[in-house]
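Descriptive analysis of the structure
Chain residues, written in single-letter form:
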Amino acid sequence: MSDLVRIGIIGAGAVSDYHHVPGINLDPRAELVSICDPNSELLAQRQSDWGKTKVSTRFEDMAEDPDVDAVIIATPNFTHHEIALACIKGGKHVMCEKPLGLNYTESAEMYRAARDANLRHMTAFTYRFAPSMRYVKHLVESGALGVPRHFRSQRFLDWPESSWGWRQSKKLAGAGDLFDMTIHRIDFAQDLLGPIKSICGAVAQFVPRDKTAEGEPCEPSEVDDWSSLIGQFENGAVGVWEGSTLMKGYHNDGFGYEWAEVNGSEGSAAYQLTDPNNILIGKPGQTMEKLPVPDEYLVIDGSPREPHAGVPSTVFRYDLVYEFVSAIVEERDAIPGFDHGASAQLVADSVLESFDKRTWIDINCDL
Ligand SMILES: NC(=O)C1=CN([C@@H]2O[C@H](COP(=O)(O)OP(=O)(O)OC[C@H]3O[C@@H](n4cnc5c(N)ncnc54)[C@H](OP(=O)(O)O)[C@@H]3O)[C@@H](O)[C@H]2O)C=CC1
Ligand SMILES: O=C1CO[C@H](CO)[C@@H](O)[C@@H]1O
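A quick note: this is a predicted structure, and the numbers were derived from the prediction, not measured. Residue numbers restart at each chain and count upward from 1, following the sequence in its written direction. Each chain takes a letter, starting from A, and each ligand takes a number, starting from 1, following the order in which they are written. Given that the model is predicted, a residue must reach a pLDDT of at least 70 before its local features are reported, and side-chain atom pairs must reach 80 or more before they are shown or counted; all residues, however, enter totals for whole chains, interfaces and linings. To get the side-chain values, all heavy atoms of the structure are used, and hydrogens and water are removed first.

**A look at the overall build of the protein chain**
Selection criterion: By definition, any uninterrupted DSSP run of H or I lasting at least four residues is a helix, any uninterrupted run of E lasting at least two residues is a strand, and each is numbered from the N terminus. Under the scheme applied here, a residue whose accessible area is under 20% of the maximum for its type counts as buried, over 50% as exposed, and between as partly exposed, the area being computed with a 1.4 Å probe on protein chains only. Whether two residues touch is decided by their heavy atoms; if any such pair falls within 4.5 Å, the residues are in contact. To measure how exposed things are, a 1.4 Å probe is used in the Shrake-Rupley method; for residues, cover is taken only from the protein chains shown. His residues and chain termini do not enter the charge count, which takes Lys and Arg as positive and Asp and Glu as negative. For the purpose of locating charges, the reference atoms are NZ of Lys, CZ of Arg, CG of Asp and CD of Glu.
Scanning the protein chain for helices and strands turns up eleven helices and 15 strands. If one aligns the C-alpha atoms of the protein chain with their principal axes, the spans along those axes are about 60 × 50 × 40 Å. For the protein chain, with 367 residues in total, the buried portion stands at 58%. Considering only contacts in the protein chain between residues 6 or more positions apart, those separated by 24 or more positions represent 70%. Of the roughly 15,300 Å² of accessible surface on the protein chain, a fraction of 50% belongs to carbon and sulfur atoms. Averaging the positions of the 33 positive and the 55 negative side-chain charges in the protein chain gives two centres separated by 2 Å.

This is the structure:
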């Protein structure tokens, strides 16, 4: 490997532009060397926006390229499994977007392949990196909230009712809000409180989404607009999750409304995406109040990101690349790994199974 970690991006769409390229640009140990996307016009645009790199329309080229050390897979969900396995075969460290695969079987296979090849693997569970989320985790782990009893998460967005493109096809996306949004919340709940052991879930579709944003007719949506679950953690705590992108009045500059809280025997703490540098803290008999996140939780250890620069609800997302590169340089596991991606996927799959069968499902993760 050269002195710099040479990164290739597969899938030059929205999230690469919004999270990953700024993350690479901030990290002096990393360099963007190659971009892959089937759309040649987009490739040309990205070369002009992101800097002169190699380009290709076939991920196989990047998987075999000896000048690429690590890849970030940011393509539609149905492609993650095939691309990740090819890149692992080519000896690349891999960060892959969520949901890791279309189901637990795919995700577990991706985890085992990366683990067995002794390569670094990371699932892009963005919200774990929010300063307030990291501080709530510290409060839980330090015992400041007492015995954790309850978790609650709500993600409401007010987005258009028009087509979601590939996101509304079962074959291409797997599921709707559940795999797109709620899966992040399943992940951070397990990060805060440990494994979920049993769940009961429900989903619903509110609108057909049979028109594009331009008003042209298109194939109707096959996926959920609302997803929810209640669950029990192995540690005895209980949880409740709910998400939708069709909640009117929850726009907030596109960030929507996100709240997640842990309630323990000695106190409560809440994270909000719209105010990620503060938490809400509550002690017995008091009313929840705002508490600034201490400086050491504003960025991850070593990150060169200036903690107070930029839009707070956006900039913490750049730390994902820092964690991925740190794991490569330090030859340690990246967190969250593919194992976390697979474990959240199993819970999300179980939501669909639970709703189909109208029953509780026990979670048996066999990684
Ligand atoms: N962690 C987070 O917070 C976020 C995660 N995501 C996840 O990131 C992934 C991408 O989402 P997003 O950026 O919004 O999607 P986009 O549709 O904006 O971008 C995906 C890009 O990948 C391209 N692509 C499709 N197939 C391949 C392939 N085989 N090889 C290379 N490129 C390919 C697409 O080209 P074409 O359009 O021509 O098919 C498109 O340009 C999804 O899994 C999504 O769930 C997204 C947003 C935020
Ligand atoms: O968190 C997120 C923000 O929105 C994106 C677009 O729907 C999601 O894919 C993503 O996981």
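There is more to say, and it comes next.
**Digging into the sheet that holds strand E8 (residues 196-204)**
Heads up, the condition is: Any two strands are treated as partners once DSSP identifies two or more bridges connecting them. Only the contacting stretch of a helix is used when fitting its axis, a line to C-alpha atoms as for every element, and angles between N-to-C directions run 0 to 180 degrees.
Strand order in this open sheet of nine strands is E14-E13-E12-E11-E7-E10-E9-E8-E15, and the pairing throughout is mixed. The sheet is open, and its two edges are formed by strand E14 (289-292) and strand E15 (361-362), each paired on a single side. By the bridge criterion, two bridges tie E8 to E15 in an arrangement that is antiparallel. Bridge assignment links Ser-198 to a residue of E15, and that residue is Asp-362. Most of the contacts of helix H6 (residues 131-142) go to strand E12 (residues 268-272), to which it runs at about 165°, and overall it touches strand E7 (148-156), strand E11 (257-264), E12, strand E13 (278-282) and E14. Packed on one face of the sheet, helix H11 (residues 338-357) meets E8, strand E9 (226-233) and E15 and runs near 60° to E8.

**Overview of the packing of helix H8 (residues 177-193) against H11**
For clarity, the threshold we go by: Every angle not falling under 35 degrees, over 145, or within 65 to 115 is termed oblique; those three ranges are roughly parallel, roughly antiparallel and roughly perpendicular. By the definition used in this description, the sense in which the near helix is turned from the far one sets the handedness, with an anticlockwise turn below a right angle giving left-handed and a clockwise turn giving right-handed. Ten residue types, Ala, Val, Leu, Ile, Met, Phe, Trp, Tyr, Cys and Pro, are classed as nonpolar, four, Asp, Glu, Lys and Arg, as charged, and the remainder, Gly among them, as polar.
Relative to each other, H8 and H11 sit at 120°, their axes nearing to 9 Å. One way to sum up the angle between H8 and H11 is to call them oblique. Classified by chirality, the crossing of H11 by H8 is right-handed. Contacts from Leu-178, Phe-179, Ile-183, Ile-186, Asp-187 and Gln-190 of H8 reach H11 at His-340, Ser-343, Ala-344, Gln-345, Val-347, Ala-348, Asp-349, Val-351 and Leu-352. Residues belonging to the contact of H8 with H11 are distributed by class as follows: nine nonpolar, four polar and two charged.

**Focus: the UniProt feature "domain: GFO/IDH/MocA-like oxidoreductase" (unreviewed entry) in the protein chain**
The line we're drawing: UniProt positions are given in the numbering used here, feature names are shortened, and annotations may be inferred rather than shown by experiment.
Within this numbering scheme, the UniProt entry marks residues 134-269 as carrying the feature "domain: GFO/IDH/MocA-like oxidoreductase" (unreviewed entry). In residues 134-269, helix accounts for 22% and strand for 32%; the two terminal C-alpha atoms are 12 Å from one another.

**Examining helix H2 (residues 40-50)**
Put simply, the test is: To obtain the arc, one takes the directions from the helix axis to the C-beta atoms. Contacts described as polar in this section are N or O atom pairs within 3.5 Å, which, within protein, must combine one atom able to donate a hydrogen with one able to accept it, while residues neighboring in sequence count only if both atoms come from side chains.
For H2, the complete set of buried residues consists of Leu-43, Arg-46, Gln-47 and Trp-50. The buried residues of H2 occupy one face: seen down the axis, they fall within an arc of 105°. Of the residues in H2, the exposed ones pointing more than 90 degrees away from the buried face are Glu-41 and Ser-48. The inward-facing, buried residues of H2 abut strand E1 (5-10), helix H1 (14-26), strand E2 (30-36) and strand E3 (54-56). A side-chain oxygen of the first residue of H2 lies 3.0 Å from the backbone nitrogen of Glu-41; this N-cap is Asn-39. Two residues or fewer after H2 comes Gly-51, characterised by a positive phi angle close to 110°.

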